[in-house]
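# Report on the structure
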Amino acid sequence: MAACPTIELPSGYAMPLVGLGTFDNLKDDMICEAVKAALDSGYRMVDCAWIYRSESAVGAALADRIKAGAVTRNELFISTKLWNTFHEPDRVEAGLRDSLNDLGLDYVDLLLMHWPMAFKEQTVERKAWILNTQTEPADVDFLDTWRAMEELVNKGLARSIGISNFNIQQLTRLLDAPGLRYKPANIQVESHPFFLNKELIDFCQGRGITVTAYSPLGKGGSTYAGKPTENILEHPTITSIAKAQAHSPAQVVLRWALQRGLSIVPKSCTPVRIRENIQLFDFSLTEDEMAAISLLDKHKRLVTLENFKGFPEYPFKDISGC
């Protein structure tokens, strides 16, 4: 099994170009089994977040495969995200340690600030879908949050730090901040053929910040936040290129993202699709094919904080033995 190619972060560490996304796989032990299938298929990057409520399941899968000798911790690249209720500088470390405890790890390879805005601390059970509760903005400057994240690098709790869902203005303010000790190693943003997010991606790549695309398949045809979404994978442009390339529509869309210089974190719970989503390095799209896919851009963003409200409350079971 060939190793997944990597990209070097500004921090000097290598990050795989393809990782497994773990958002919204919330029923029973779906995430645990998905992570194990991914590791068995050659994935070495798993993307998490405190708000996903899935880190304990991810941690169980990691422990299972490490114990079995299938992988070592040093081979893995685990990313997570600091939630908005942990932006107060004296709460940043607690937020990461909460994630580390669930993941069963001593450090993460990449810690991202999930959103640039802060929320007041909420007294709700950890497993509650926190965005179904009332959120209140907190008066915390994300520069202060970033400085506290820099301390986590110095403490060895995070090897690299970055951001997610920042716009150009916010990112410029961070990059121009006085006394910046660590440049953002990575930014994670939504990008797919219906939402290229080109201006932001060009800005980041022009400044040496690696970019990871989440929702790289655009939620293909699923119902998202109670609303049906158009299926990118059924678009005639995609299906015709897939036929010409003798690869699946999903592989074509993911390969398009890689050739744009992005890393990707597609999500799936189906072992055959998990394997397919990393089998992207035995073909290339032509310039004409790349251009044709890029012309599908509708500037159609799917992921906003508002869309998270109303997600179903799935029951959880003990996944310690998964």
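Residues numbered from 1 in each chain as written. Predicted model: local features only at pLDDT ≥ 70, side-chain atom pairs only at ≥ 80, totals over all residues. Heavy atoms only, no water.

### Thoughts on the packing of helix α8 (residues 249-259) against helix α10 (residues 287-294)
Between α8 and α10, the shortest axis-to-axis distance is 11 Å and the interhelical angle comes to 100°. With respect to each other, α8 and α10 are oriented roughly perpendicular. Residues V252, W256 and Q259 of α8 touch α10, and the partners they reach there are M290, I293 and S294. Considering only residue class, the contact of α8 with α10 consists of 4 nonpolar, 2 polar and no charged. (Axes fitted to C-alpha atoms, helices over the stretch in contact; angles between N-to-C directions. Helix = DSSP H or I, 4+ residues; strand = E, 2+ residues; numbered from the N terminus. Parallel < 35°, antiparallel > 145°, perpendicular 65-115°, else oblique. Contact = heavy atoms within 4.5 Å. Nonpolar A, V, L, I, M, F, W, Y, C, P; charged D, E, K, R; others polar.)

### Notes on the pattern of salt bridges
Considering all chains together, one arrives at 16 salt bridges under this definition. The partner of R73 in a salt bridge is D109, with the nearest N and O atoms 3.0 Å apart. Taken together, the residues span a long stretch of sequence, with R73 in the loop between α2 (55-67) and β5 (77-82) and D109 in strand β6 (residues 108-113) at a distance of 36 residues. Judged by relative accessible area, which is 4%, D109 ranks as buried. E230 serves as the salt-bridge partner of K298, at 2.5 Å between the closest nitrogen and oxygen. Residue K298 is located in the loop between α10 and α11 (305-308), and its partner E230 is located in the loop between β11 (227-228) and α7 (236-245); the two are separated by 68 residues in the primary sequence. Among the residues examined, K298 registers a relative accessible area of 42% and is labelled partly exposed. (Salt bridge = Lys/Arg side-chain N within 4 Å of Asp/Glu carboxyl O. Buried < 20%, exposed > 50% of the residue type's maximum accessible area, 1.4 Å probe, protein only.)

### Some words on unusual backbone geometry
Of note, S215 is a non-glycine position whose phi angle comes to about 50°, a positive value. When you line up the elements, S215 lands in the loop between β9 (210-214) and β10 (223-224). Unlike most non-glycine residues, H299 shows phi in positive territory, near 55°. For H299, a relative accessible area of 64% corresponds to the exposed category.

### Examining the packing of α7 against α10
At a closest axis distance of 10 Å, the pairing of α7 and α10 adopts a crossing angle of 160°. Classified by the angle their axes make, α7 and α10 are roughly antiparallel. In this structure, the crossing between α7 and α10 has a hand that is left-handed. In this structure, α7 uses T237, I238, I241, A244 and Q245 to contact α10, whose residues at the interface are E289, A292 and I293. Across the contact of α7 with α10, the residue classes break down as 5 nonpolar, 2 polar and 1 charged. (Left-handed = near helix turned anticlockwise from the far one by under 90°.)

### Regarding helix α6 (residues 198-206)
L200, I201, F203 and C204 are the residues of α6 that are buried. Buried residues of α6, seen end-on, are gathered within an arc of 160° and therefore sit on one face of the element. Opposite the packed face of α6, turned more than 90 degrees from it, sit the exposed residues E199 and G206. Those residues of α6 hidden inside the fold are in contact with α5 (168-175), β8 (186-190) and β9. A positive phi of about 75° marks G208, the residue just after α6. (Arc of directions from axis to C-beta.)

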